Amino acid sequence: MHPEPGDYVEVRTKKGVFKGILMPRNRFSDENVVILKLDNGYNIGIVPEEIKIIKKGHFEKKSHKRDIPRRDYVPTISFIGTGGTIASYVDYRTGAVNPALTAEDLVFSVPEIVEECNVRASILFNILSEDMRPEYWIKIARKVKKELSHAAGVVIPHGTDTMSYTAAALSFMLPELSGPVVLVGAQRSSDRPSSDAYMNLLSAVKVAKTDLGEVAVVMHATTSDDYCHIHRGTRVRKMHTSRRDAFKSINTQPLGKVNKEVVFFQDYRKTGDETVLMDRMDEKVSLIYYYPGMDESTLESLLMDMHGAIIMGTGLGHVGTHLLPIIEKAVKDGTVVGVVTQCLYGRVNLNVYSTGRKLKAVGVIPLEDMLPEVAYIKLMWLLGNYDIDTAKSLLSKNLRGEISDRRMITW
Amino acid sequence: MVNDSVKIGLEIHQQLATKKLFCSCDSDLRDEVLYRFERVLRPTQSELGEIDRAALEESAKKRKFIYEVTPNSCLVEADEEPPHELNRDALEIALKVALMLNAKIVDEIHVMRKIVIDGSNTSGFQRTALIAVDGYIETSFGRVRIPTICLEEEAARKIEERDNAVVYRLDRLGIPLIEISTAPDMKSGEEVREVAQTIGYILRATKRVRRGVGTIRQDINVSTGQGRVEIKGASRLNMVPKWVDNEIERQRTLAEIAELLKSRGAEVDRTIYDVTDMFSTTQSNIIKGILKKGGKVMAVKLKGFSGVLKSEKYRLGKELAERVRVIGIKGLFHSDELPAYGITDDEVSKVKEMLNLSAQDAFVLIAEKPDKAKEGLERVIERAENAIQGVPGETRAPKDDGTTVYLRPLPGGARMYPETDIPPIRIYESYVEKLKESLPPLPAVRVEELKNMGINEEIGWQLIKEGVDDIFEDIVKKYGYPTIVARALLNGCEYVDYHKIFQNLHAGKFAKEAVDEIVERVCNGEDIDSVISEYTSSVDVDAVIDRIIQEKKDLIYERGEYAFKPLMGLVMKQLRGKVDGGLVSRKLKEKLNMYIEKNK
Ligand SMILES: [Zn+2]
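Note that the structure is predicted; figures quoted are calculated from it, not measured.

1. Some words on the layout of surface pockets
All names here are of chain B.
Working step 1: Here the second largest pocket defines a volume of roughly 1,300 Å³.
Working step 2: Taken together, 39 residues form the lining of the second largest pocket, with Gly212, Ile216, Ser235, Arg236 and Glu494 sitting closest to its centre.
Working step 3: Elements represented by at least two residues in the lining of the second largest pocket include exactly β1 (7–15), α3 (189–205), β12 (216–223), α13 (482–491) and α14 (498–506).
Working step 4: Looking at the lining of the second largest pocket residue by residue, the classes come out as 16 nonpolar, 13 polar and ten charged.
Working step 5: Looking at the lining of the second largest pocket, you find at least three residues from each of domain 1 (7–228) and domain 3 (443–536).

Have a look at this one:
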């Protein structure tokens with residue numbers, strides 16, 4: 001019989017005989033090494049001469065059926081799973097982190113949810129955050145519309161890498177909402193005792209019970225487990241690779257905060273009677289990061305066949321003057337070109353310097369203080385749902401709070 | 001008494017003097033606090049349905065943890081950045097220690113997460129890796145096996161415990177720690193001390209371990225055939241034999257008590273009685289005070305326990321009192337010690353009557369607020385029931401008088417799962433062979449080195465055993481005085497700044513003869529600077545010498561430089577015991593030569 005992971009085995013090696021549970025291969029492990037979980041709980045890697053099975057075993061996922069009480073006095077909140085490990089549990093034997101796939105799993109992971117709402121949970125797909133694509137945004141938007149006919153609000157657990165992109169996409173695709181749409185993630189997965197998932201998820205549920213008729217992201221506001229910020233889906237960005245408080249509202253204040261209660265800091269769109277879906281996207285849009293040294297042919301190839309392009313310019317919104325003819329040609333050929341800033345903070349202004357004025361003259365649209373990723377998604381959505389002239393004129397108009405007139409010194 | 005049933009094991013934790021294990025922060029403790037943040041920890045789900053019970057109990061306390069950020073802590077300690085790869089410098093030191101302990105190094109090292117949610121780790125787990133197995137050391141009592149050697153990260157330093165929060169400082173979190181666990185192969189306190197000394201020597205021989213209070217921690221497990229008792233933090237070597245031998249004795253007595261109780265058919269009545277009424281006119285100040293504050297006197301009945309709680313031989317009452325002292329109850333009384341503490345014979349009789357006690361029965365009273373008294377008596381009941389069985393397993397804290405005191409129950413088995421953020425490390429044979437060639441000298445070699453510094457072999461061994469050979473070498477190389485340094489180190493105590501003493505001696509502040517007294521006084525808690533200044537001669541050496549040279553002009557004229565000897569005698573007559581003779585001799589020679597030179 002061939003020894004398999006999960007078997008209790010005796011391994012003879014040059015260094016002596018070891019007993020323990022044979023573990024699955026680790027992809028970082030040396031090829032000649034087998035991993036053994038010893039009786040004291042430690043894993044070690046050893047080079048085997050012979051492996052004898054003492055007792056067959058197996059790793060199998062136990063599933064538990066749990067009754068979740070339904071109560072009339074709390075609203076129903078729908079959870080749409082998209083992947084990621086915000087709600088997950090660990091198999092101590094294998095170390096594998098399994099996502100919570102069902103409503104039961106979810107409630108079990110964060111039992112306090114039951115106090116807040118009746119849980120309606122489904123898994124739409126299970127992908128890595130970095131594998132997100134526009135077609136998935138469309139799927140989520142459609143699912144949200146469907147769920148909002150059954151639930152008071154929707155919570156979407158999402159990987160943090162691309163969460164702000166999804167938030168922006170949903171913001172445009174769902175111009176009117178009958179309930180809040182709240183995206184939430186975790187910077188420390190929930191298989192760890194220190195996970196931020198619990199507070200984030202519970203806070204998201206609280207926001208999903210309000211009259212917020214917008215798409216929001218709810219995440220830790222500080223490094224402490226004290227409160228969460230509510231970010232408008234079109235103003236939020238992941239600003240740190242690993243901190244709990246990685247998500248920040250840029251060029252605006254957060255919409256509000258959550259600890260025990262939800263508190264809004266500013267006006268927001270209220271929920272309406274129905275949810276409107278505009279789910280077409282034109283994927284022929286590129287997002288271009290200008291850098292000193294970018295040559296004509298590079299820019300040309302990035303613009304080739306594109307219906308639209310967002311250029312992340314330097315400072316107030318500039319690119320090297322040598323690229324002006326390329327951009328001019330693209331605009332003439334019918335490509336919608338908008339410019340945002342690499343600074344992220346602050347508004348673009350093409351009136352101050354000559355290069356800016358020239359860009360404006362060739363038909364580049366300055367996009368105020370809009371975030372680059374948001375502008376990119378907005379343009380895809382506009383080109384998907386409107387004719388080109390309307391798209392052009394709406395690109396620099398504030399539709400979902402993605403642009404503001406004023407930026408305060410205290411933000 | 002046969003020693004066969006005695007099993008003693010040792011667990012040693014030693015901090016390494018390197019950067020931290022999973023980031024590039026320094027391993028120093030700091031008082032500077034830059035920032036504070038708060039967290040909560042939750043037990044994680046294992047396979048669905050299974051939550052670690054100890055973890056759950058800890059989390060039920062709903063405590064928050066406040067962390068103090070120091071200059072030597074970064075985002076890694078704050079659990080805001082994934083751990084970096086395992087510190088190779090620390091690993092190499094640990095591997096060398098493992099080899100010196102004759103252990104076999106695993107072929108691939110896997111870092112694990114050990115769940116700890118008391119807040120001492122921001123992540124909620126301690127990262128730990130088993131690096132070697134099957135080691136041993138030889139002692140004068142025989143071979144002691146060392147089944148496991150681990151490399152792990154140190155926990156955060158607890159600063160303060162409040163009702164709903166615990167404050168930790170991040171300076172200590174992440175310092176590399178070698179954990180060496182022996183098999184329960186030892187039989188006596190002396191043997192434990194020898195093993196601890198030997199392992200201590202091996203650790204220090206790497207010259208890369210941290211020194212000072214708290215940098216090495218030692219837990220001793222003692223079993224005499226029944227429960228296992230862990231003596232936590234038994235780090236002072238000289239005390240180890242006492243702690244161990246007292247614990248063996250304690251367990252033997254408990255076993256004897258169990259036999260006696262069984263033969264009597266002893267039994268614990270689980271009812272908790274309110275006997276407050278019996279004390280309505282009490283003259284006991286303790287009880288009066290508690291009753292005034294709305295407290296009650298509650299009692300339990302221990303059938304067949306009379307004479308076991310306190311007598312010539314037995315002290316079970318003390319064990320009961322220890323169990324309630326950890327929850328803050330001091331007012332526990334039992335029938336073997338009463339009447340006393342203002343509780344009268346009459347009151348004792350009334351309680352006995354009410355509880356319907358026969359001559360062999362005993363009772364325990366707790367005077368406290370009702371809920372607390374009940375909680376306390378439940379602990380008493382549990383401990384008394386254990387007493388009929390024998391020795392309960394528990395964690396005990398060592399005390400200065402050589403005894404130990406109840407601390408808490410034994411920790412449950414730790415839950416461990418792989419640390420997926422850190423890739424495993426393959427350890428190749430060729431690397432191990434290279435390490436073997438660069439191991440530090442074993443004690444026998446070290447003794448030769450010490451002998452060459454000017455002491456005899458016996459003293460050399462003593463220095464090694466006491467773990468002061470390195471500091472001996474440091475001081476002697478700087479200032480000399482090998483025999484005096486050795487004597488000071490061997491008679492002195494840990495917290496004396498020996499460098500300072502010998503630096504001052506070398507500078508001529510006081511005489512050699514004063515060293516022993518200075519060391520003794522500083523050990524007794526006196527301030528080193530004021531003691532040194534007390535011994536520091538108030539006389540001006542130069543002035544004394546100059547004066548005597550002037551007085552003995554004739555002698556110098558007659559004898560020239562041969563006047564040195566008699567002059568030295570005269571000078572020392574005035575300075576003996578106040579100034580080091582060597583220094584006086586140097587100075588006198590100098591001044592004499594100068595004088596002769598001038599007056600040629
Ligand atoms: Zn650090």
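2. Some remarks on the sheet that holds strand β10 (residues 153–157) of chain A
Residues and elements named next belong to chain A.
Working step 1: If you walk across this open sheet you meet the eight strands as β9-β6-β10-β11-β12-β13-β16-β17, and the pairing is mixed. Since the sheet does not close on itself, it has two edges, and those belong to β9 (118–123) and β17 (262–264), each with one partner. Geometrically, the sheet is characterised by an average inter-axis angle of 25° between neighbouring strands, direction not taken into account.
Working step 2: When strand β16 (residues 256–258) meets β17, the two strands line up antiparallel, connected through three bridges.

3. Describing the coordination of the zinc ion
All names here are of chain B.
Working step 1: Bound to the zinc ion on the protein side are Cys23 (SG), Cys25 (SG), Cys74 (SG), Glu77 (OE) and Glu77 (OE), at distances that span 2.2 to 2.6 Å.
Working step 2: Summarised as a motif, the one-chain spacing of the donors to the zinc ion is C-x1-C-x48-C-x2-E. Summarising the burial analysis for this pair, Cys23 and Cys25 share the class buried.

4. Focus on the interface of chain A and chain B
In many reports, interface size means the accessible area that the parts give up when they come together.
Working step 1: In this complex, chain A contributes 49 residues to the contact, which on the side of chain B involves 53 residues.
Working step 2: Counting each side, the surface lost to burial between chain A and chain B is near 4,500 Å², with a carbon and sulfur contribution of 53%.
Working step 3: At the junction of chain A with chain B, the criterion picks out nine salt bridges.
Working step 4: Residues Asp107 of chain B and Lys15 of chain A are paired through a salt bridge, measuring 2.8 Å at the closest nitrogen-oxygen approach.
Working step 5: Those elements that provide at least two residues to the side of chain A that touches chain B are β3 (34–38), β4 (43–46), β7 (88–90) and α1 (103–109) of chain A.
Working step 6: Counting residues per element, the side of chain A that touches chain B draws most heavily on β4 of chain A, at four residues.
Working step 7: Per-class residue counts for the side of chain A that touches chain B are 17 nonpolar, 16 polar and 16 charged.

5. Brief notes about the packing of aromatic side chains
Working step 1: Evaluation of the coordinates by the stated rule reveals ten aromatic pairs over all chains.
Working step 2: Considering the side-chain rings of Phe125 of chain A and Tyr136 of chain A, the 4.7 Å spacing of their centres and the 45° angle between planes classify their relative orientation as tilted. Here Tyr136 of chain A lies in helix α3 (residues 134–147) and Phe125 of chain A lies in the loop between β9 and α3, a separation of eleven residues in the sequence.
Working step 3: Overall, the relative accessible area of 16% leaves Tyr136 of chain A in the buried class.
Working step 4: Ring geometry for Phe37 of chain B versus Tyr67 of chain B: centroids 5.5 Å apart, planes at 35°, classification tilted. Of this pair, Phe37 of chain B sits in strand β2 (residues 35–39) while Tyr67 of chain B is found in strand β3 (residues 64–69), placing the two residues 30 residues apart along the sequence.
Working step 5: For Tyr67 of chain B, a relative accessible area of 0% gives the class buried.
Working step 6: Following the ring pairs from residue to residue traces out a cluster consisting of Phe37, Phe65, Tyr67 and Tyr168 of chain B.
Working step 7: Directly above the ring of Tyr227 of chain A sits Lys257 of chain A, whose terminal nitrogen or CZ lies 4.7 Å from the centroid.
Working step 8: Here the guanidinium or amino end of Lys589 of chain B rests over the ring plane of Phe564 of chain B, the centre of that ring lying 5.1 Å away.

Cut-offs and rules
- Residues numbered from 1 in each chain as written.
- Chains lettered and ligands numbered in written order.
- Predicted model: local features only at pLDDT ≥ 70, side-chain atom pairs only at ≥ 80, totals over all residues.
- Heavy atoms only, no water.
- 1 Å grid on protein atoms, 1.4 Å probe; cavity = no way out; pocket = protein on both sides within 12 Å on 5 of 7 lines; lining within 4 Å.
- Points joined across faces, edges and corners; volume = space filled by probe spheres on them.
- Helix = DSSP H or I, 4+ residues; strand = E, 2+ residues; numbered from the N terminus.
- Nonpolar A, V, L, I, M, F, W, Y, C, P; charged D, E, K, R; others polar.
- Domains from an automatic or database assignment.
- Pairing = 2+ DSSP bridges.
- Axes fitted to C-alpha atoms, helices over the stretch in contact; angles between N-to-C directions.
- Donors = N, O, S within 2.8 Å, 3.2 Å for Na, K, Ca; no water.
- Buried < 20%, exposed > 50% of the residue type's maximum accessible area, 1.4 Å probe, protein only.
- Contact = heavy atoms within 4.5 Å.
- Buried area = accessible area lost by both parts, 1.4 Å probe.
- Salt bridge = Lys/Arg side-chain N within 4 Å of Asp/Glu carboxyl O.
- Phe/Tyr/Trp six-rings, centres within 6.5 Å; stacked < 30°, edge-to-face > 60°.
- Lys NZ or Arg CZ within 6 Å of the ring centre and 35° of its normal.

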